Structures are given as C-alpha cells and as structure tokens.
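Chain and residue survey
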Amino acid sequence: MAQLDDEEGVAVAPGHPPANGYLLVPGGEPPGKLSAEPQNGLKAGCLTLNGVSRDSLAAAAQPLGRPQTPLAPEEETQTRLLPTGPGEETPGAEGSRVPQTALSARRFVVLLIFSLYSLVNAFQWIQYSIISNVFEGFYGVSSLHIDWLSMVYMLAYVPLIFPATWLLDTRGLRLTALLGSGLNCLGAWIKCASVQQHLFWVTMLGQCLCSVAQVFILGLPSRIASVWFGPKEVSTACATAVLGNQLGTAVGFLLPPVLVPNTQNDTDLLACNISTMFYGTSSIATFLCLLTVIAFKEKPQYPPSQAQAVLQKSPCAEYSYKKSIRNLFKNIPFVLLLITYGIITGAFYSVSTLLNQMILTYYKGEEINAGRIGLTLVVAGMVGSILCGLWLDHTKTYKQTTLIVYILSFLGMVVFTFTLDLGYIIVVFVTGGVLGFFMTGYLPLGFEFAVEITYPESEGTSSGLLNASAQIFGILFTLAQGKLTSDYGPKAGNIFLCIWMFLGIILTALIKSDLKRHNINLGITNGDIKAVPVEDSPTDQESKTMMISKQSESAI
C-alpha cells in the first residue's frame, strides 16, 4: 500500500506480513502459537462483536495461514487484537476490517489555527475589564456595565451550549470551527463602529456576538485532540489547544493598558486609541477566519488511535444526543467533576474580571501593572497547562494529578488573598504567578479527565457541559465577589472564593477514577463500554452494539 502524502505511515510490500497493524486471532489461541507474528505491541484485550459466528472467525484465520481451530462456545464471539502496523487494515468479523491507525501531519495545522482564533476570542473577553476605569469614563457608564461586557461571555454560554454541542456531534468539527471563527470576526468588526461615547450598546452588541462565538470554541480542545492526535500525545494536544485561549487572556491583560492609556482629559485621543485596538483585533480575526475556511479539515483520513477507530466504526445512525446527555448526568464521577471544574474555573473567571478593581484598591494609578499581573497569572498558567499535559501523557494519573493541582490552587488563592494588601506590588506579581500556575494549569486536566471517565460519549458534549458549569459559577462568583469587594474590600471577596475552592477539594477526592479511553487503547478490559444507540429492535442491537468482554487482562 502506497504511503499517503499527509499521513505518517510505512508502505508494505504485497505478499509480506504487516509490521505493525492489527491481526485478528481467535480469543482462545495460546500465546505459544503466535510466534510467527510480531509481538511488540499492546497487552491483549478482548473485543466482543455481537453476532460473530465460528465460521467467520475461521475465515479470518485462513488468510493468515493458520489451521482452523474449533472454538469453545464462550470463545465464538471473542477476537484478540495483535499489534502489526499503522499502514494495514486487517480482516475482522464477516469480512469487515479493523481500521488502520495513522498520524496526519495536518494535525499540527488544525491545532495551530484553532489555538490562534481561540486566542483572539479570549483577548476580546478581557480587553474591557482590565481597563474598566478607562471605558467607564469614555462611555459614561458604571463599573457594573463594564463587568457585564465580560460576564456576557458566561451568560451566553449556558443556554447555547446544548445546541452547540448537538451541532458538533451531528454536523462535525469543521462546521463548528467555521461558526466560532466567523462569529468572532463579525463581532470584532461591529465593535469598530462603537467608538463614540453614546454607542455603548453597539460595543455590547459586538461583545454579545463574540460571546456566542465562544460557545463554538471552548468545547473543541478535547475533541480536536481525540480526533487528530495519537494516545501518547492527546493530553499534550488538549493542553496546547487550551493554551491558545489562555494566551489570549494573557495578551488581553497586557496590550489594552498599553494601547489605551488613561487619557480621560483628551477624549479624541482616547477614541483614537480605542479605535486602533478594535481595528487591529478585527483584522487579525478576519485573517484567521480565512485560514479556518481554507485549512481546517473535519478529520484525518485514518483514525489516530484504536479508541477513535472504535468510535468511527459505529454507524452515525446509532448516536443519540439526548441519550448521551442522560448518560453523562447518570455518571456520578462526571457530575462531581462538573461541580469541581465549575468552582475552580469560575473562581479564575471572577479573579480575572475583578483584578483591575482589586489592584487599584491598594495600588492607585497602577493600571499597567494590573495588566502585567494578569499577564503573569495567565502565562504561569500556560506553563502549568503544558507541564500537566506532558505529565498526563507520561503517567495517565488523572485523579491524583487533578487532586494535587486543586489543593495547590487553593493554597495559592489563600496566599494571594492575605498578601494583596501588604503594599509591595512585587509580592502580588509572585503570588499571582503561583496562583495562575495551578489554577489555569487545571483547565486541560479537567477536560482530559472528563473524556477518560465518560468514554465513549462525545468529547464535545462532556467538555461543553464542563464549560457551562464554569460559566454558571463564573457569573455567580463575579457578582458575589464584586459585591463583597465593593462593600467590604477585596479580601472579603477572595475569602469567599477560598471557601468554595476548599469544598471543591473535598468533592474532587470523591471522584472515582475509571480511565475507559486509556484502557481501550491498551486493550485492557474492565467493564462494559457501549456506544450510544437509539431505540432499535433487539436483533438490530445485537448486530450493532460493540462492547468490551469482561475478561481478565492477558499477556501476549
């Protein structure tokens, strides 16, 4: 088979056994009879395909040159996957093929494009809040009005997440990406028409469109990682996709105070500076939208992992979005993760939105340093995200890593709270960096942990629900912390967040870790894992449903 231009694979000469794919061997075959086959791959697990007959298994063995061995009744539906190579398909039940796996070079292009337009969207989220006093003076509105320019992102997400995840699951990755990038571009251009003091409603309209675009962005990192990247790089890929959004927040903390300094005594200059920021943002958003149209593809030609191969093998007609949602809410570990993820991410949203107000309470005239502290918080979190992603790819210790990072985030929040008013702004830089390293470093952990404990449910649905939880907690925390900060000072608002984060630690400790996707990739079987079928007749379900055989792990 010739090697494809965009695939990383090895061509196999006709008449030679593949070096690395998956050969089907009857489940009862003793390990000693497999010496003729390569044995440098995964531990053996048993895939049970309902409706497979003894004759079909014998037929699958014939092309491999093996004698047809009678099978015991309980072995008739069992086949063992042996590693052979990325460039080969192998015979399966009744002439079907086990899909080959290969890594596409295009995966890096897809990841880069997504990360960049996610960056621009996150920049537009925070660009008002970090210089809230400037926009209050320009538009003549209260601080609550400016806070809503940030909170509208959270408010729009909650009602729109269900149609957005339905669209992702039924219409695919590319259409969802095009909507996210396109709406982000449109919202940026509408803001360009709002640079007059009486047009606050126009800038709110543009921000509302950007917030709708966010709904089609935040749920994609884990989906892109699973669809395009192999099992040894999937967590790092997810962390990198999340990193784009974090980098946008960092740039949003850094650039607005520089591009739009506080020149309230010169309204024309202030309007010119705001216009420069808006037009620059819209130009970049337009370029990235065009790149998305040209280069962003739905999926690679071949699945990158066996877990993806299993999901892509299932017919689309079997998928039920409503049943998938029901299954997720019946999954107790996922529900606990939903709450804990919402708490820590909502706390991050609240701190980011109110950071300018907290800093200026104790350090007057330090708008630029407030932006730099926000930058420090997010850049440290980006480093944390990448390190956590690499660690997960190496160890797969999802529960332990999530709990430790949660505890350290809580401790960082406590230290930040009680050192904010010491009068030394360099201390705030250090404590903000520590807080950001763990708090924003947690974001990809939550995505990947959710995918593991909910497999084979859609990654877009699970991460979408996580983000919806984060937006709900973010709105509640921002309103509550803002009120406490106004009435009693920043310390009271931060203590409020510390209490909630401590509750999150307790709930995280209760989450049961069952790494279903990881076990599929290893061939380990520890329970039934089913796709989500619609209501079919028993005969149809017997022929369609794929499950994992409840057998002990065996070594090849």
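The preceding data block contains the structure.
In short, a report on the structure. (Residues numbered from 1 in each chain as written. Predicted model: local features only at pLDDT ≥ 70, side-chain atom pairs only at ≥ 80, totals over all residues. Heavy atoms only, no water.)

Details of the overall build of the chain
Of regular secondary structure, the chain possesses 20 helices and eight strands. If you take every contact in the chain between residues at least 6 apart in sequence, the share linking residues at least 24 apart comes to 83%. Here the chain has roughly 22,100 Å² of accessible surface; of this, 65% comes from carbon and sulfur atoms. (Helix = DSSP H or I, 4+ residues; strand = E, 2+ residues; numbered from the N terminus. Contact = heavy atoms within 4.5 Å. Areas by Shrake-Rupley, 256 points an atom, 1.4 Å probe, with all protein chains shown as cover.)

Concerning empty space enclosed by the protein
Leftover empty space is mapped by rolling, across the atoms, a probe with the size of a water molecule. In this structure the tally under the stated criterion is eight cavities of 30 Å³ or more. Considered as a void within the structure, the largest cavity measures approximately 250 Å³ in volume. Gln214, Leu218, Asn245, Tyr349 and Leu443 are, among the 24 residues lining the largest cavity, the residues nearest its centre. At the level of elements, helix H2 (106–126), helix H4 (143–171), helix H8 (234–259), helix H12 (332–362), helix H16 (443–454) and helix H17 (459–488) are the ones that each hand at least two residues to the lining of the largest cavity. Taken together, the residues of the lining of the largest cavity sort by class into 15 nonpolar, nine polar and no charged. Looking at which domains feed residues into the lining of the largest cavity, each of domain 1 (103–304) and domain 2 (322–523) gives three or more. (1 Å grid on protein atoms, 1.4 Å probe; cavity = no way out; pocket = protein on both sides within 12 Å on 5 of 7 lines; lining within 4 Å. Points joined across faces, edges and corners; volume = space filled by probe spheres on them. Nonpolar A, V, L, I, M, F, W, Y, C, P; charged D, E, K, R; others polar. Domains from an automatic or database assignment.)

What to know about the packing of aromatic side chains
Given two aromatic rings, one states the distance between the centres and the angle between the planes to describe the pair. This model, assessed by the stated rule, comprises 18 aromatic pairs. With a centroid separation of 5.6 Å and 70° between ring planes, the pair formed by tryptophan 125 and tyrosine 349 is classed as edge-to-face. With tryptophan 125 in helix H2 and tyrosine 349 in helix H12, the pair connects residues that are 224 residues apart, well separated along the chain. Each member of the pair tryptophan 125 and tyrosine 349 is classed as buried. Pairwise contacts between aromatic rings join Tyr128, Phe135, Phe138, Tyr139, Phe200 and Phe278 into one cluster. (Phe/Tyr/Trp six-rings, centres within 6.5 Å; stacked < 30°, edge-to-face > 60°. Buried < 20%, exposed > 50% of the residue type's maximum accessible area, 1.4 Å probe, protein only.)

Looking at a nonpolar patch on the surface
Taken together, Leu422, Tyr424, Ile426, Val430 and Val434 make up a surface patch of nonpolar side chains, about 510 Å² in accessible area. The residue valine 434 is located in helix H15 (residues 425–439) in this model. (Patch = residues over 30% accessible without salt bridge, like charges linked within 9 Å, V, L, I, M, F, W, Y side chains within 5 Å. Salt bridge = Lys/Arg side-chain N within 4 Å of Asp/Glu carboxyl O.)

Digging into the state of the cysteines
Tallied over the entire structure, the rule returns zero disulfides. In this structure cysteine 208 is not part of a disulfide, and its nearest cysteine sulfur, from cysteine 210, lies 9.3 Å away. (Disulfide = S-S within 2.5 Å.)

A short note on H8
In this model, H8 (26 residues) spans 37 Å end to end at C-alpha, consistent with the 38 Å of a helix rising 1.5 Å per residue. Counting buried positions along H8 yields 19 of 26 residues, so the element is predominantly enclosed. (Expected span 1.5 Å × (residues − 1).)

Topic: the packing of H12 against helix H18 (residues 490–509)
Running from N to C, H12 and H18 point in directions that differ by 165°, and their axes come no closer than 10 Å. Viewed along their axes, H12 and H18 adopt a mutual orientation that is roughly antiparallel. In the packing of H12 onto H18, the handedness of the crossing is left-handed. Together, Leu336, Ile339, Thr340, Ile343, Ile344, Ala347, Ser350, Val351, Met358, Thr361 and Tyr362 of H12 and Pro490, Lys491, Asn494, Leu497, Trp500, Met501, Gly504, Leu507 and Thr508 of H18 make up the contact between the two elements. Per-class residue counts for the contact of H12 with H18 are 13 nonpolar, six polar and one charged. (Axes fitted to C-alpha atoms, helices over the stretch in contact; angles between N-to-C directions. Parallel < 35°, antiparallel > 145°, perpendicular 65-115°, else oblique. Left-handed = near helix turned anticlockwise from the far one by under 90°.)

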